Amino acid sequence: MRYTPNRMMTVNETHDPALRSWVASAQAPGTDFPIQNLPLAIVRRRGRGEPWRGGVAIGDQIVDLAALHRAHPWEGLAAEALAAAAQPKLNALMGLGPAHWSALRRALSQALREGSALRATVEPCLVPQADAEYDLPAQIGDYTDFYTSVHHATNIGKLFRPDNPLLPNYKWVPIGYHGRSSSIGVSPQAFRRPRGQIKAPDAAAPVLAPSRRLDIELEMGVFVGPGNPLGEPIPIERAEDHVFGVVLLNDWSARDIQAWEYQPLGPFLAKNFATTISPWVVTWEALAPYRVPFERPAGDPPPLPYLDDDANRRAGGVDIHLSVELRSARMAAQGLPAHTVATTNLRYTYWTVAQMVAHHTVGGCNLQPGDLLGTGTLSGPEPHQAAALIELTQGGKQPLVLPSGEQRTFLEDGDEVTLRGWCQAPGAARIGFGTCTGTVLPALAG
Ligand code: MN
């Protein structure tokens, strides 16, 4: 297969680690939002009943893109992209494609640099992040959840099938299922503990009850850009032109409901009650400095040709550090900080984002701007890299001990879970994803 250069993998002037912004907090050590990041969200000032609109994070501030659009600072592709980004959802911007996204990124980067002539135009458009609230970045038409961590698949498989943990299709097919988009919420999200059918192993019949095995799944969510016509697959060489950006995603899961309902068609009520994503979409272009080769263990089967090309082999992965923190209601009351229960990385996936897009569409399925693709639980090879409680606690048999002295197998009411992500590489800035936080509320009284 011939190699086609992909602009979104290319590092350009906007990634230069030497760039500095006239927004001083963009240089604060450890900030998630230096000028090299420029993620987008849907924002407004809290408590004023204002319309939602796009915003770009810079340091501890947000550039209000509707206000900037009214100032008409640019012409051409950047102006078209800015008009789309000023809307109450980012679907129109996502649908424009890489040339527009790139033009907007370059224009924003230049406008926010120290010495920019546009400072006087942009500065009145700043909103402090402390005063902002967030909505979902897009109207999510469809949500698909993959299963791309072979470590997660093996760990889970061992719990259910000790003799045969990994099913034979795993190394050939990017496994996924069609999820539920209506219950996707933006961080911080509070949701009720779900009720559902639960059957104890020794019981004759199931009961309807609140889940007692409520779990997390640390994933990343990929927002789709331009779609494809029904019946026309997206080839892997073009797949990344259809990827707008990435968020953190917590695919909350009720393991006891899942265990009873999942055969033969997979999870249903166990996962459709809530999914939380982080508000800031880090663009695919912003991730260019952190790309890594797609690698398989020696002896594993090579991907079929429609899931393989040179660019994917060379740099199909992304090095994104990830963590899960848990803070119980008692820890919060005692003023204890959140406790890190797992750290992992997106690069451990067995399938890349380009392979997810190519596989999703190979049968003709049409993706649409704003569709969301979950990566699946991103467990790494080491025990502390398990990205779900069911793995961290060996199926609930080995409780975690929190700094408050409390034990956890699965989530209790009042528990707050926060996901974080960040990228670092030699010769590149450190950029981050902000936070993805969710809190468990008590189940409705039955
Ligand atoms: Mn999942």
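What comes next concerns the included structure. Just so you know, these numbers come straight off a predicted model, no measurement behind them.

**Concerning the sheet that holds strand E2 (residues 53-58)**
Then, number 1: Taken together, 5 strands build an open sheet; the order of strands is E4-E3-E2-E1-E5 and the sheet is antiparallel. Edge positions in the open sheet fall to strand E4 (126-128) and strand E5 (132-135), since each of these has one partner strand only. On average, each strand axis in the sheet is tilted by 50° relative to the strand beside it, whichever way the strands run.

**Focus: the pattern of salt bridges**
Then, number 1: Within the structure shown, the criterion is met by 25 salt bridges.
Then, number 2: A salt bridge links arginine 430 to aspartate 32, with the nearest nitrogen and oxygen atoms 3.1 Å apart. Of this pair, arginine 430 sits in the loop between strand E25 (416-423) and strand E26 (431-441) while aspartate 32 sits in the segment before strand E1 (40-45), placing them 398 residues apart in sequence.
Then, number 3: A relative accessible area of 27% places arginine 430 in the partly exposed class.
Then, number 4: The partner of glutamate 133 in a salt bridge is arginine 44, with the nearest N and O atoms 2.8 Å apart. Here the residue glutamate 133 occupies a position in strand E5, and arginine 44 occupies one in strand E1, the gap between them amounting to 89 residues.
Then, number 5: When salt bridges that share partners are traced, they join Asp215, Glu217, Asp251, Arg255 and Lys271 into one network.

**What to know about helix H2 (residues 76-85)**
Then, number 1: All of the buried residues in H2 are Ala78, Ala79, Ala81, Leu82, Ala84 and Ala85.
Then, number 2: Close packing links the buried residues of H2 with E1, E2, helix H1 (65-71), helix H3 (91-96) and helix H4 (98-112).

**Some thoughts on the coordination of the manganese ion**
Then, number 1: On the protein side, the manganese ion has Asp145 (OD), Glu217 (OE), Glu219 (OE) and Asp251 (OD) as donor atoms, found 2.1 to 2.2 Å from it.
Then, number 2: Within one chain, the residues serving as donors to the manganese ion are arranged as D-x71-E-x1-E-x31-D. Residue aspartate 145 is found in strand E6 (residues 143-146), and its partner glutamate 219 is found in strand E13 (residues 218-224); the two are separated by 74 residues along the sequence. Accessibility assignment for this pair places aspartate 145 and glutamate 219 in one class, buried.

Cut-offs and rules
Residues numbered from 1 in each chain as written. Predicted model: local features only at pLDDT ≥ 70, side-chain atom pairs only at ≥ 80, totals over all residues. Heavy atoms only, no water. Pairing = 2+ DSSP bridges. Helix = DSSP H or I, 4+ residues; strand = E, 2+ residues; numbered from the N terminus. Axes fitted to C-alpha atoms, helices over the stretch in contact; angles between N-to-C directions. Salt bridge = Lys/Arg side-chain N within 4 Å of Asp/Glu carboxyl O. Buried < 20%, exposed > 50% of the residue type's maximum accessible area, 1.4 Å probe, protein only. Contact = heavy atoms within 4.5 Å. Donors = N, O, S within 2.8 Å, 3.2 Å for Na, K, Ca; no water.

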